[in-house]
Amino acid sequence: MPGVVLAVDIGGTTVKGAVFVDGVEQAPGSTVPTFTASSGALGAVLAVLSALAGTARALGHEPTAIGVGTPGLVDRGAGMVRYAANLGWTDLPLQQLLEARFGVPTLIDHDARTAARAEMAVRPALRDFVFIPIGTGVSAAVVVAGKTVTGARGQAGELGHIPTVPNGRPCSCGQFGCLEAYASAGAVLARYIAGGGSAESAADVAGLVGHDGLADDVWSDAVDGLATGIITLTATLDPEEIVIGGGLGAAGPLLLDPLRAKVGSLLRWRDPPAISASRAGPRAGLLGAALLGSAARSSSRHANQESP
Ligand SMILES: [Zn+2]
């Protein structure tokens, strides 16, 4: 991964960034809240990139490319975020904005597909898999024969909005009973609090599983929702493996053990796919963004060489 890449991973709570020089992450990185009293998500992205450009120059390097993973409906070819409810963006030409501001080739992509890119780099033999980051929301990157499936409008992989409970809880998307309304970190925390529990985060709720009946119920509903989503994906795609990432993915065996058991009990007619934790880990989003930036740099070099 040659070049000096500014990599950014946009989340609903924080925007994280790091400088990668020839594929090696440099310190310090930059993390800012996605929303502050004085600025929105775009302001946070610009602040992180300005800090990273400063870091690169302090290390004696001029940035050569930018890669950004963002939630929402992302049209990578057009460089547009079509819609990101949590960020307040509609038809935002993010790639063009960043290229104009920082003067280097830039690529943006959906955050799940960006993280899946990192997983593929860490495990090059993995060709058919679904990467499911579970964080504030739930999404997925579908990888078939080593290629990420984007769909006709860049909207493939919206696993979080598969209805898993008929007439269930309302979802932020307008539907009812979506997987995300039960299995996201946000839903786990909200349901635990709505049930009378007291916790600061979904990780707190996870820590109470096995000791607290309400936490057990909320966790079990999350596992059931995910299992329903996974058997739907398995019947459709026949993946070799389901890779769980994101903040809640870090719950490890607490999530993966009951999930494997549930998927195994639901799928009666075939062997279930392996279900594993992301090996790229919590830095998958940033590493994937760096790989994306590296691709932006090489495609821009090719374009320049081909022009008369
Ligand atoms: Zn939904």
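Predicted model only: the values in this text are computed from it and were never measured.

## Side note on the nonpolar core
Logical step 1: Grouped together as the largest cluster of nonpolar side chains are 35 residues, with contacts concentrated most on I132, I134, V188, W219, I244, L259 and I275.
Logical step 2: Of the residues forming this core, the biggest block, nine residues, is contributed by helix α7 (residues 213-237).
Logical step 3: When residues no more than four places from it in sequence are discounted, the contact partners of I275 are I230, I242, I244, L256, L259, R260 and V263.

## Digging into the side chain of E241
Logical step 1: Summarising the element assignment, E241 is placed in strand β12 (residues 241-245).
Logical step 2: At 2.7 Å, the side chain of E241 and the side chain of R123 are in polar contact.
Logical step 3: Apart from residues no more than four positions distant in its own chain, E241 is found in contact with R123, L126, D128, F129, V130, P273, A274 and S276.

## Looking at the coordination of the zinc ion
Note on metal geometry: ideal angles are 109.5 degrees for four donors arranged tetrahedrally and 90 or 180 degrees for six donors arranged octahedrally.
Logical step 1: Looking at the zinc ion, one finds its protein donor set to be H161 (ND1), C171 (SG), C173 (SG) and C178 (SG), positioned 2.0 to 2.4 Å from the metal centre.
Logical step 2: Note that the zinc ion binds four donor atoms; their angles at the metal cover 105 to 122°, and the shape is tetrahedral.
Logical step 3: Written as a sequence motif, the donor residues of the zinc ion are H-x9-C-x1-C-x4-C.
Logical step 4: C178 gets classed as buried once you look at its relative accessible area, which sits at 0%.

Parameters and conventions
Residues numbered from 1 in each chain as written. Predicted model: local features only at pLDDT ≥ 70, side-chain atom pairs only at ≥ 80, totals over all residues. Heavy atoms only, no water. Core = buried A, V, L, I, M, F, W, Y, C linked by side-chain atoms within 4.5 Å. Buried < 20%, exposed > 50% of the residue type's maximum accessible area, 1.4 Å probe, protein only. Helix = DSSP H or I, 4+ residues; strand = E, 2+ residues; numbered from the N terminus. Contact = heavy atoms within 4.5 Å. Polar contact = N/O pair within 3.5 Å; in protein donor to acceptor, adjacent residues only side chain to side chain. Donors = N, O, S within 2.8 Å, 3.2 Å for Na, K, Ca; no water. Tetrahedral: all angles 85-135°; square planar, octahedral: opposite > 155°, others 65-115°.

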